[in-house]
Amino acid sequence: MLAIELGADGRVVMSGRLDASQAATAQGFMDKLNGQVVLDCKGLDYLSSAGLGVLLKTQKRLTAAGGQMRLVGVSRHLRDIFTYSGFDQIFDIELAP
Amino acid sequence: MTASRSFPREIDALEQVFGFTAEALPDTAVPPALRRSVDFVLEEYFTNIVKYGGGKGAIAIDIDLSRAGVEVVLTEPDAHFFDVTQVPPIDTTLPIAQRQPGGLGLHLARRLVDTLRYDYARDERRGRITFTIGFSPATADQKEQASDVGH
């Protein structure tokens, strides 16, 4: 299951699994965000192409309006997915320690 | 050791599919990274069948775990011919304005598997996708550690 919420520090915290069955829920949440967004991926165990689509659509909308989304707490597994998909050229990515 | 199960053609069946892979590929037998790769590839082909397959029958999944790695077979009844091995690669270097999510999943799936095969039985209109992901040297080490934990 996927959990997504706004943290106390203003970061969007996503955890669990973002797959095709959760993409609409995630997109609904992300569509409400504006400006500079930090997405904390520390607890995100799994991301499929449906999840990549959510991130891409959000980043497109934000950058078109002058904002952007930064990804932090990214695991090695997620980093590989971002690299294979070329998303490392689209997002500012900070790896998990 | 082969495990087999059938799933309805619904995106919401993914949770059941992942439950099945967790049973067939427990942490004590395979490293989590390998199972995530299996889940990723399986999700891409499963959702592709659900969205574009057009048929109604349940999708059968067989998972075989061996010393070499994992082989997964998806069998689709009432299938239209769609050879997943012939999907052209996408350009992952395009700027954001030109990027589209379509095709990305099949592109990534192709990168994650070691082998990929598509068979189509025209008489029965049955499509079959077979992919394998082996234990890499790194994951073999992790597998050993996982087995140690399990004992």
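Let me sum up the structure you'll find in this document. None of these values were measured; they are calculated from a predicted model.

The subject of this paragraph is the interface of chain A and chain B. Each side of the interface is counted separately: chain A has 25 residues, and chain B has 24 residues. Carbon and sulfur atoms supply 63% of the area buried between chain A and chain B, which totals about 2000 Å² over both sides. In terms of surface lost to chain B, no three residues of chain A exceed Tyr46(A), Lys60(A) and Tyr84(A), which account for 28% of the buried area on that side. On inspection of chain A and its partner chain B, the count reaches one salt bridge. Close ionic contact of Arg17(A) with Asp39(B) constitutes a salt bridge, the shortest N to O distance being 3.0 Å. Remark: the boundary between chain A and chain B carries nine residue pairs in polar contact (both at pLDDT 80 or more). Mapped by element, the contributors of at least two residues to the side of chain A that touches chain B are β3 (36–47), α2 (49–64) and α3 (76–84) of chain A. If you tally residues by element for the side of chain A that touches chain B, the top one is α2(A), at eight residues. Across the side of chain A that touches chain B, the residue classes break down as eleven nonpolar, nine polar and five charged.

Right, let's get into the sheet that holds strand β1 (residues 2–7) of chain B. All names here are of chain B. Pairing in this open sheet of five strands is antiparallel, and the strands run β1-β2-β3-β5-β4 from one edge to the other. Of all the strands in the sheet, just β1 and β4 (115–121) have a single pairing partner and so form its edges. The sheet shows a mean angle of 15 degrees between the axes of neighbouring strands, direction not considered. In this structure, β1 lies alongside strand β2 (residues 59–65), joined through six bridges in antiparallel fashion. By the bridge assignment, Arg5 is partnered in β2 with Ile61. Lying on the sheet, helix α1 (residues 14–24) is in contact with β1 and β2; it crosses β1 at an angle near 170 degrees. Here helix α2 (residues 32–52) sits on the sheet in contact with β1, β2, β3 (69–76), β4 and β5 (126–134), set at roughly 165 degrees to β5.

Parameters at a glance
- Residues numbered from 1 in each chain as written.
- Chains lettered and ligands numbered in written order.
- Predicted model: local features only at pLDDT ≥ 70, side-chain atom pairs only at ≥ 80, totals over all residues.
- Heavy atoms only, no water.
- Contact = heavy atoms within 4.5 Å.
- Buried area = accessible area lost by both parts, 1.4 Å probe.
- Salt bridge = Lys/Arg side-chain N within 4 Å of Asp/Glu carboxyl O.
- Polar contact = N/O pair within 3.5 Å; in protein donor to acceptor, adjacent residues only side chain to side chain.
- Helix = DSSP H or I, 4+ residues; strand = E, 2+ residues; numbered from the N terminus.
- Nonpolar A, V, L, I, M, F, W, Y, C, P; charged D, E, K, R; others polar.
- Pairing = 2+ DSSP bridges.
- Axes fitted to C-alpha atoms, helices over the stretch in contact; angles between N-to-C directions.

These figures capture arrangement, not role.
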